[in-house]
Amino acid sequence: MSGVSKTSEWQSLADSAAALSDISMRDMFAEDQGRFERFSIEAAGLFLDYSKNKITDEVADKLAALAVAVDIEGARKDMIEGKSINKTESRAVLHVALRDFAARAYHVDGEDVSQPVRAERDKMKKFCADLHQGMFKGHTGKSLDTVVNIGIGGSDLGPQMVVDALRPYWINGRRAFFVSNVDGQHLSDVLAVIDPETTLFVVASKTFTTQETLANAQSAKAWFLNSGAPEDSVAKHFVALSTNEASVTAFGIDPKNMFRFWDWVGGRYSLWSAIGLSIALQIGFENFENLLRGAHAMDEHFRTAPVKENMPMMLALVGVWNRNFQGAAAHAVLPYDQHLHRLPAYLQQADMESNGKTVTIDGAPVGVETGPVIFGEPGTNGQHAFYQLLHQGTDIVSSDFIAPALSQSPLGAHHEMLLSNFLAQTEALMRGKTEKEVRAEMATEGHSKPEIDALAPHKVFPGDRPSNSIVMEKLTPATLGALIALYEHKIFCQGVIWGVNSFDQWGVELGKVLAKSILPEIAAIAAQAQHVTDHDASTNGLINWINEIRTNNKGE
Ligand code: F6P
């Protein structure tokens with residue numbers, strides 16, 4: 001055991017979990033009318049109800065004490081003060097500086113970064129205005145109405161999720177596509193429906209070394225030049241978002257067409273930076289700013305509210321309770337808003353790349369379970385797919401239900417149906433249905449005793465499945481910004497509690513290195529396919545099987 005699990009607060013929470021094992025949430029609600037008021041928080045346009053978790057006042061107090069024991073407030077201060085908290089990469093973590101419009105200074109290595117942040121934001125603003133007003137045109141003089149964002153991971157998921165989420169704010173006539181996968185089908189599908197004369201390619205890569213992004217960008221450039229565009233027109237159709245000017249230049253993009261950010265912006269925390277250019281081009285710079293302002297409102301709440309009134313902290317603490325003391329190894333993100341359909345994918349990277357770690361920041365075994373598996377789908381689609389397991393599976397899965405009270409596109413009674421499903425699911429997960437209730441219901445429906453005996457066990461719902469509900473008036477740029485910032489800070493707090501570095505991602509490296517060694521062994525890349533023997537038997541066998549097909553199919 002190491003770190004947090006040795007604290008008396010952790011042990012005390014384990015005692016509480018054992019003591020509560022025979023008590024149901026249904027009983028907790030029946031005995032206490034005040035749960036909703038006490039276990040809910042409103043901030044930055046969001047309302048969080050965490051009362052449908054198996055907690056008591058005592059547990060909430062103990063969770064808050066745990067936060068104090070790990071010095072969560074000190075960790076928060078260190079982050080905001082630009083300390084090098086990403087120790088394995090010797091970097092500060094200051095995405096909050098990107099969305100602060102006040103004149104506050106943010107220091108990294110003694111230097112105030114707020115001025116360069118503002119300058120880069122102004123450059124983005126001017127570029128958006130020039131492009132939207134037709135002053136920045138394509139090489140044949142046509143306006144650029146289409147953006148193709150080429151990036152992957154944080155340089156794709158954030159901008160794509162936000163663009164989809166804010167569809168009602170799209171500027172009329174503009175189109176945005178996102179290409180991430182190195183699978184050539186992804187880019188080809190997009191190239192098939194766009195016009196080179198009216199397209200701007202936005203090559204988004206923090207490092208500008210990512211294989212997938214560079215391959216897609218090279219192929220997009222070749223396609224563009226093949227359309228008859230002269231070499232010097234690349235400057236009118238390609239811009240780069242990066243921290244790496246040398247590689248951008250080497251790729252052939254003029255640094256004048258580069259929007260910069262800094263190594264203290266983590267890839268999965270970067271949509272607020274130049275990486276947000278595709279968002280701003282699609283919804284307008286003012287709406288992009290409102291997204292940033294919404295996130296800043298959550299930052300201010302996170303920075304100032306005491307632990308038990310602090311939405312990100314309590315969401316994190318309840319998550320730790322479910323993960324470490326209630327056995328929830330998976331966590332579902334369930335947006336009841338179709339436009340948030342990419343939120344689960346976005347949060348998969350944000351959470352799993354941040355907290356999927358087995359060692360503490362000092363390199364010791366972490367000793368407790370860390371980040372859960374994050375998955376999800378928009379409601380009500382998920383209900384007709386995997387909710388069966390949420391309700392009756394053998395594992396406890398915790399979940400976040402997210403819904404706006406008002407729809408951006410009211411249509412008949414659709415939104416009322418959507419909301420009733422959202423509320424019903426959280427109630428059903430919490431209450432469940434006892435065998436006694438099932439039997440009584442079946443008897444009322446006129447079923448015979450043998451029928452009831454046979455079916456009743458299948459119709460029982462154990463209940464006690466934890467969920468949070470996050471509601472807002474409407475999904476707007478500001479509430480979306482607050483929602484994303486809420487999750488960013490939740491993830492940060494959980495990392496602090498578990499003692500891991502939430503800002504590195506060494507776990508993605510091994511596969512990248514191995515892929516480089518396998519690439520020349522794949523037939524059609526290798527001039528002559530060799531019988532491959534330098535890997536394990538399974539990998540060798542698969543490479544040789546694929547190569548046999550590929551060498552016999554010269555069309556590939
Ligand atoms: O390989 C993982 C990763 O480094 C992510 O953390 C990052 O968001 C993604 O790759 C893309 O990186 P880049 O923006 O440097 O191309």
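Residues numbered from 1 in each chain as written. Predicted model: local features only at pLDDT ≥ 70, side-chain atom pairs only at ≥ 80, totals over all residues. Heavy atoms only, no water.

A. Layout of the site of the ligand. In the vicinity of the ligand, 13 residues are found, and the nearest of them are G154, S155, S205, T207 and T210. Interatomic distance of 3.0 Å between a side-chain N/O atom of K512 and an oxygen atom of the ligand. Here the ligand has 390 Å² of accessible area as a free molecule, and 87% of this is covered by the chains. Broken down by class, the residue content of the shell around the ligand amounts to two nonpolar, eight polar and three charged. (Near = heavy atom within 4 Å. Polar contact = N/O pair within 3.5 Å; in protein donor to acceptor, adjacent residues only side chain to side chain. Areas by Shrake-Rupley, 256 points an atom, 1.4 Å probe, with all protein chains shown as cover. Nonpolar A, V, L, I, M, F, W, Y, C, P; charged D, E, K, R; others polar.)

B. Highlighting the environment of S278. Inspection of the secondary structure assignment puts S278 in helix α12 (residues 277-283). Look at S278 and you get buried, because its relative accessible area is 1%. For S278 and W498, which are 220 residues apart along the polypeptide, the C-alpha to C-alpha distance reads 35 Å. Engagement of the side chain of S278 in a polar contact is seen with the side chain of N149, the distance being 2.7 Å. (Helix = DSSP H or I, 4+ residues; strand = E, 2+ residues; numbered from the N terminus. Buried < 20%, exposed > 50% of the residue type's maximum accessible area, 1.4 Å probe, protein only.)

C. A look at the sheet that holds strand β5 (residues 146-150). Strand order in the open sheet formed by five strands is β6-β5-β7-β8-β9, with parallel pairing between adjacent strands. If you trace the sheet from one side to the other, it starts and ends with β6 (175-179) and β9 (258-260), each paired once. Adjacent strand axes in the sheet meet at a mean angle of 20 degrees when their direction is disregarded. Looking at chain direction, strand β7 (residues 199-204) and strand β8 (residues 238-242) are connected through four bridges and run parallel. The partner of F201 across the bridge, within β8, is F238. (Pairing = 2+ DSSP bridges. Axes fitted to C-alpha atoms, helices over the stretch in contact; angles between N-to-C directions.)

D. Structural detail: the packing of helix α15 (residues 343-355) against helix α20 (residues 477-498). Packing of α15 against α20 brings their axes to within 10 Å, and their N-to-C directions diverge by 25 degrees. Taken together, the axis directions place α15 and α20 in an arrangement best described as roughly parallel. When the axes of α15 and α20 are compared, the crossing they make is right-handed. Of the residues in α20, those in contact with L343, Y346, L347, A350, D351, S354 and N355 of α15 are L483, I484, Y487, E488, K490, I491, Q494, G495 and W498. (Parallel < 35°, antiparallel > 145°, perpendicular 65-115°, else oblique. Left-handed = near helix turned anticlockwise from the far one by under 90°. Contact = heavy atoms within 4.5 Å.)

E. A look at α15. For α15, spanning 13 residues, the distance from its first C-alpha to its last is 17 Å, which sits close to the expected 18 Å at 1.5 Å a residue. Counting buried residues in α15 gives 10 out of 13 residues, a clear majority hidden from the surface. Listed as buried for α15 are L343, P344, A345, Y346, L347, Q349, A350, D351, S354 and N355. The secondary structure elements touched by the buried residues of α15 are α7 (157-165), β10 (330-335), β11 (373-375), β12 (397-404) and α20. (Expected span 1.5 Å × (residues − 1).)

F. Fine view of the side chain of S155. Considering the arrangement of structural elements, one finds S155 in the loop between β5 and α7. For S155, a relative accessible area of 7% puts it in the buried group. Those residues within four positions of S155 in sequence are excluded, and the remaining contacts are N149, A204, S205, K206 and I275.

G. View of the sheet that holds β10. Taken in spatial order, the six strands of this open sheet run β1-β2-β13-β12-β10-β11, and their pairing is mixed. Only two strands of the sheet have a single neighbouring strand rather than two, namely β1 (40-43) and β11. Between one strand and the next, the sheet's axes are offset by a mean angle of 15 degrees, whatever the strand orientation. In this structure, β10 lies alongside β12, joined through six bridges in parallel fashion. Among the inter-strand pairings, P335 is bridged to a residue of β12, identified as I402.

H. Up close: the packing of aromatic side chains. What the rule picks out here adds up to 21 aromatic pairs. When the centroid spacing of 4.9 Å and the interplanar angle of 70 degrees are considered together, the rings of F127 and F136 count as edge-to-face. No difference in accessibility class separates F127 from F136, as the two residues are buried. Ring geometry for W262 and W264: centres 5.2 Å apart, planes at 5 degrees, overall stacked. When its relative accessible area of 4% is taken as the criterion, W264 is described as buried. (Phe/Tyr/Trp six-rings, centres within 6.5 Å; stacked < 30°, edge-to-face > 60°.)

I. Focus on the layout of surface pockets. Considered as a void within the structure, the largest pocket measures approximately 1000 Å³ in volume. In terms of lining, the largest pocket is formed by 38 residues, of which the most central are T210, Q505, V508, E509 and K512. Only α9 (211-226), α15 and α21 (509-518) provide two or more residues apiece to the lining of the largest pocket. Sorting elements by how many residues they give to the lining of the largest pocket places α21 first, with five residues. In the lining of the largest pocket, the residues fall into 12 nonpolar, 15 polar and 11 charged. Put simply, the second largest pocket is a space of about 520 Å³. What lines the second largest pocket is a set of 23 residues, among which A75, I361, V496, G499 and V500 lie closest to the centre. When residues of the lining of the second largest pocket are traced back to their parent elements, those giving at least two are α5 (72-80) and α20. Per-element accounting of the lining of the second largest pocket gives the leading share, five residues, to α20. Classifying every residue of the lining of the second largest pocket gives 11 nonpolar, seven polar and five charged. (1 Å grid on protein atoms, 1.4 Å probe; cavity = no way out; pocket = protein on both sides within 12 Å on 5 of 7 lines; lining within 4 Å. Points joined across faces, edges and corners; volume = space filled by probe spheres on them.)

J. Highlighting the nonpolar core. Core analysis: the largest hydrophobic core is formed by 118 residues, its most contacted members being L200, W264, L291, L480 and L483. The biggest single contributor to this core is α20, with 13 residues. Leave out the neighbours within four places in its chain, and L291 touches V162, L166, L271, W272, I279, P477, A478, L480 and G481. Listed in part, the 21 residues of the second largest apolar core include I150, V203, A220 and F238. (Core = buried A, V, L, I, M, F, W, Y, C linked by side-chain atoms within 4.5 Å.)

Coordinates in, geometry out; function isn't part of it.
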